[in-house]
Amino acid sequence: MSELFGPLRAAGPVAAETGDAAWLTALLDAEAALAGALADSGVIAPEHTEAIAAACRPELYDVAEIGAEAIGVGNPAAPVVRALTARVADPAAAGVVHLGATSQDIMDTAAMLIAARSIDALLVDVAACTELLARLTEQHAATPAVGRSLLQQALPITFGLTTAGWLSALGAAADRMTQVRVERLAVQLGGAVGTLASLGADGPATLAAFARRLNLAEPELTWHTDRTRITETAGALGTLAAAVAKIGRDLTLLSQTEIGEVSEHAPGHGGSSTMPHKRNPIAAVCAVAAAAQAPGLVATLLAAAPDLQRGAGSWHAEWQPFTELLRCTGAAVSWLRTSLSRLRIHPARMRRNLAATGGALLTERVSTALIPQLGRLTAHEVVAECVARADGRLTFADALRAHPRLVGLLDRAEVDALVEPSTYLGSTQFFVGRALAEHAGRQRAGNTSLDTGLSRAANRAGHGRAEPVVARGGVRAGPRTTGPVDLRSESSGDGSGEAVLLVNALGSDLSIWDDYVRPLAGNGFRVIRCDTRGHGDSPVPLGPYSLADLGGDLEAVLDRHGVESAHVIGISLGAMTGLWLARHRPKRVRRLVACCTSARPGNPQLWRARAAQARAEGMAAIATASVGRWFTPEFAAAHPMSVAEKRLLTADTPAEGYAACCDALADIDLLDELPAITAPTLVLSTAQDPAFPPDDGKSIADRIPGARFRIIDNAAHLGIVEQPGSFLTAIADHLQEFS
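So, how was this worked out
Residues numbered from 1 in each chain as written. Predicted model: local features only at pLDDT ≥ 70, side-chain atom pairs only at ≥ 80, totals over all residues. Heavy atoms only, no water. Helix = DSSP H or I, 4+ residues; strand = E, 2+ residues; numbered from the N terminus. Buried < 20%, exposed > 50% of the residue type's maximum accessible area, 1.4 Å probe, protein only. Contact = heavy atoms within 4.5 Å. Areas by Shrake-Rupley, 256 points an atom, 1.4 Å probe, with all protein chains shown as cover. Lys, Arg positive; Asp, Glu negative; His and termini not counted. Charge placed at Lys NZ, Arg CZ, Asp CG, Glu CD. Core = buried A, V, L, I, M, F, W, Y, C linked by side-chain atoms within 4.5 Å. Expected span 1.5 Å × (residues − 1). Axes fitted to C-alpha atoms, helices over the stretch in contact; angles between N-to-C directions. Left-handed = near helix turned anticlockwise from the far one by under 90°. Nonpolar A, V, L, I, M, F, W, Y, C, P; charged D, E, K, R; others polar. Pairing = 2+ DSSP bridges. Right-handed = clockwise from strand over helix to strand, strands pointing away. Salt bridge = Lys/Arg side-chain N within 4 Å of Asp/Glu carboxyl O. Phe/Tyr/Trp six-rings, centres within 6.5 Å; stacked < 30°, edge-to-face > 60°. Lys NZ or Arg CZ within 6 Å of the ring centre and 35° of its normal.

## Comments concerning the overall build of the protein chain
Turning to step 1, where the next piece is worked out: Looking only at helices and strands, one finds 31 helices and 13 strands in the protein chain.
Turning to step 2, where the next piece is worked out: For the C-alpha atoms alone, the extent of the protein chain along its principal axes is close to 105 × 70 × 55 Å.
Turning to step 3, where the next piece is worked out: The proportion of buried residues among the 739 residues of the protein chain is 55%.
Turning to step 4, where the next piece is worked out: Residue pairs at least 24 apart in sequence account for 78% of intrachain contacts in the protein chain once pairs closer than 6 positions are excluded.
Turning to step 5, where the next piece is worked out: Carbon together with sulfur atoms contributes 54% to the accessible area of the protein chain, which is approximately 30200 Å² in total.
Turning to step 6, where the next piece is worked out: For the protein chain, the distance from the average site of its 65 positive side-chain charges to the average site of its 77 negative ones is 4 Å.

## Some remarks on the environment of Pro604
Turning to step 1, where the next piece is worked out: By the element assignment, Pro604 lies in helix α24 (residues 604-617).
Turning to step 2, where the next piece is worked out: The exposure class of Pro604 is partly exposed, given its relative accessible area of 28%.
Turning to step 3, where the next piece is worked out: Remark: the alpha-carbon pair of Pro604 and Cys662, spanning 58 residues in sequence, is separated by 9.0 Å.

## A few points about the nonpolar core
Turning to step 1, where the next piece is worked out: Core analysis: the biggest nonpolar cluster contains 171 residues, and Leu170 and Leu501 have the highest contact counts within it.
Turning to step 2, where the next piece is worked out: The element best represented in this core is helix α7 (residues 103-139), accounting for 18 residues.
Turning to step 3, where the next piece is worked out: One finds Val500, Ile571, Val627 and Ala730 within the second-largest nonpolar core, a separate group that totals 32 residues.

## A word on helix α2 (residues 20-40)
Turning to step 1, where the next piece is worked out: Between its first and last C-alpha, α2 extends 30 Å over 21 residues, near the 30 Å set by a 1.5 Å rise per residue.
Turning to step 2, where the next piece is worked out: For α2, a buried count of 16 out of 21 residues is recorded, marking the element as mostly surrounded by other parts of the structure.
Turning to step 3, where the next piece is worked out: Once α2 finishes, Gly42 follows within two positions and takes phi at roughly 80°, a positive value.

## Examining the packing of α2 against α7
Turning to step 1, where the next piece is worked out: Viewed as axis vectors pointing N to C, α2 and α7 meet at an angle of 120°, and their least axial separation amounts to 8 Å. In the packing of α2 onto α7, the handedness of the crossing is right-handed. When α2 is examined against α7, the residues Ala22, Trp23, Thr25, Ala26, Leu27, Asp29, Ala30, Glu31 and Leu34 are found in contact with a partner set consisting of Ile106, Met107, Thr109, Ala110, Ala111, Leu113, Ile114 and Arg117.
Turning to step 2, where the next piece is worked out: Residues of the contact of α2 with α7, tallied by class, amount to twelve nonpolar, two polar and three charged.

## Observations concerning the pairing of strand β9 (residues 526-530)
Turning to step 1, where the next piece is worked out: β9 sits mainly inside the fold: five of its five residues count as buried.
Turning to step 2, where the next piece is worked out: Along β9, one buried face is formed by Arg526, Ile528 and Cys530 and the opposite face, lined by Val527 and Arg529, is buried too.
Turning to step 3, where the next piece is worked out: By the bridge criterion, five bridges tie strand β7 (residues 489-493) to β9 in an arrangement that is antiparallel. In the sheet register, Ser492 faces β9, and the bridge partner there is Val527.
Turning to step 4, where the next piece is worked out: Bridge analysis of strand β8 (residues 499-503) against β9 gives five bridges, and the strand direction is parallel. Bridged to Leu501 within β9 is Ile528.
Turning to step 5, where the next piece is worked out: In this view, the connection linking β8 to its parallel neighbour β9 by way of helix α21 (residues 514-522) has right-handed handedness.

## Topic: the sheet that holds β9
Strand pairing in a sheet relies on backbone hydrogen bonds. The paired strands run either parallel or antiparallel.
Turning to step 1, where the next piece is worked out: The sheet built from seven strands is open, its strands ordered β7-β9-β8-β10-β11-β12-β13 with mixed pairing. The strands lining the two open edges of the sheet, one partner per strand, are β7 and β13 (708-712). Direction aside, neighbouring strands of the sheet carry axes that sit 20° apart on average.
Turning to step 2, where the next piece is worked out: Here strand β12 (residues 681-686) runs beside β13; their pairing, made up of five bridges, is parallel. The residue of β13 that forms the bridge with Ser685 is Ile711.

## Looking at unusual backbone geometry
Turning to step 1, where the next piece is worked out: Residue Pro544 follows Gly543 across a cis peptide bond; omega there is 5°.
Turning to step 2, where the next piece is worked out: With respect to the helices and strands, Pro544 occurs in the loop between β9 and α22 (547-560).
Turning to step 3, where the next piece is worked out: One non-glycine residue with positive phi stands out, namely His98, at about 70°.
Turning to step 4, where the next piece is worked out: With respect to the helices and strands, the residue His98 is situated in the loop between α6 (91-94) and α7.
Turning to step 5, where the next piece is worked out: Judged by its relative accessible area of 16%, His98 falls in the buried class.
Turning to step 6, where the next piece is worked out: In this structure, Cys596 is a non-glycine residue whose phi angle is positive, near 45°.
Turning to step 7, where the next piece is worked out: Within the secondary structure layout, Cys596 lies in the loop between β11 (589-595) and α24.

## Remarks on the pattern of salt bridges
Turning to step 1, where the next piece is worked out: Taken as a whole, this structure holds 38 salt bridges when the rule is applied.
Turning to step 2, where the next piece is worked out: Arg591 is the salt-bridge partner of Glu498, the closest N and O atoms lying 3.4 Å from each other. Here Arg591 lies in strand β11 and Glu498 lies in the loop between β7 and β8, a separation of 93 residues in the sequence.
Turning to step 3, where the next piece is worked out: The buried category is assigned to Arg591, whose relative accessible area is 6%.
Turning to step 4, where the next piece is worked out: Counted as one network, the salt bridges with shared partners bring together Arg488, Glu490, Asp514, Arg529 and Asp531.

## Quick look at the packing of aromatic side chains
Turning to step 1, where the next piece is worked out: Counted by the stated rule, this structure contains five aromatic pairs.
Turning to step 2, where the next piece is worked out: An angle of 90° between the planes, with centres 6.1 Å apart, marks the rings of Phe159 and Trp166 as edge-to-face. Just as Phe159 is buried, Trp166 falls in that class too.
Turning to step 3, where the next piece is worked out: For the ring pair Phe631 and Phe635, a centre distance of 5.0 Å and an interplane angle of 20° mean the geometry is stacked. The pair formed by Phe631 and Phe635 is uniform in burial state, with each residue classed as buried.
Turning to step 4, where the next piece is worked out: By way of ring pairs, the aromatic residues Trp630, Phe631 and Phe635 are connected into one cluster.
Turning to step 5, where the next piece is worked out: Positioned over the ring face of Tyr61 is Arg87, at 5.8 Å from the centre of the ring.

Pasting the structure below:
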């Protein structure tokens, strides 16, 4: 194996199972098992087996010497037999080394051992890949993304649908690989022409014992010239390599600067020798490179047609491509595992790409909606004209509103609804749920035929498994993740300082805390902020969410940043999550600041209606209504740009993420839990908050022992943005007083 290219081409555990040392070990293992099988069937004495097995230790032999001697006979089995015979101390035992077998028996059996050991190692990596893909699929089941056809934007999908496709293909390839491992890897023992004539009537019993000792299948008859076991193994390896190549290729495409929807992150990896700005998805690239070698190797093995009862050259032609195929497929899977473990997903970039065509991604939907009024051909022509008029300054939606044939047919709200990507996903969640259910079924079944470690690897992660969500009529709508979500988070300031965790409100992201990071970091705090699940650049799992889900996410953020306990500062829903964390995970919360919030946030029917609106119509109308609650009229008049930015922040929130958090709000009632909170608590309300007025804040403070309450004037619901100075002063005083 090349020392220069080997680390790239032979990555992962399969490399160790396919080298010269592994082949020598397999040849000796086959000889030792043959001796044992001969004793099991009564052909030789048991003590001869022990003497032969004692000499079947790889360290006693020189691989290079055996390889050099193989030139004289055309295969390495014969020199191994000669060297082994010379090593056996007992002359009687030495006389029965290799009894009944021919060189091809030992070479083919060694090849099957090499394949079995390689596949066992390979399947552990595959199991790790499928677990990583299942987790991505759960977390991004509802993360909106662009579906591309012929590399062009086609229709909306979710990123979870993409990963579900990867998961399904890789799982199916692994199923076939496992089937080959269990059923098609068989010992070879037939003697010169497949009759086992030298063993007489003991031949069948010896064959059965040989298979049993090596934990390989017993063939129906000798397969010296029936190479379907080799070609089926090659086909399964090639199929697995193709599944890996598809995933790796997609990852490299999605990592392009112009797309930027995923990226690999690992210190010291992915750099360029001349361009420091680049972050290359190098593990995905190496996975593709390794997998690309497989088709040619498979073709070589398929072309090795043997002659009569022993192939003249065709059998010899198999050894290297078979070994290389195992090695490159193992490397491809290993590199894919590395890539997936490094992968970061960028939902916000996915949404920007969805918006890049100004709504033209939904032309199919618009055309279909217009057919009843215009007919199919006219509807298609009108929509095509609108696409042509959308030149960047005029969006597709604007062109629809302005088209003379559509005046009176579609009002503004109807156009906005038609070009909303989140409401045109078809049966996405059903298919995502089916892929996850199939994966869960594989995990439950495990592998009862092999001790490969597959089940252990598949269950190592310890995360929640997808549960079916039931829609109307009892139809499974999609998966619901029960584990913590990998929230997007940022850390600023002194890494050794006391940690402050900032938690955002419904319909916003971590940017609402921009004015707080530098002042808090300047006072020596380590400032951590994150996007709530379904918001900002965090994953969007399918809802509904619960407050416990959101609290578990925060705990996972603290774990990821190596923080045992933090000062938690939250606003609105973020403050409710902080209250839950202080009550249920008291050791994680040092001090608590709850801003503009409530312990019982209103009418559950209202929240469920808002969730339904988001899922049915998207976020445009909700965003407009939200900013009316977020800011006082005076602030809105004085800061129109800031208000417009915050409206876009809500409009850009994924509909399912917003709706699922509304589901959580509908079920929140913390009033009876508040007296158990022990963290020093400050509750801040704003005088003009129409969502959670000061009485809501005072009710919280009255129930938490020792909590203090303060009203800040001249601010509405998003008070931390409208009056940052007043909030910062109150927060800093609270943190410093108890430090």
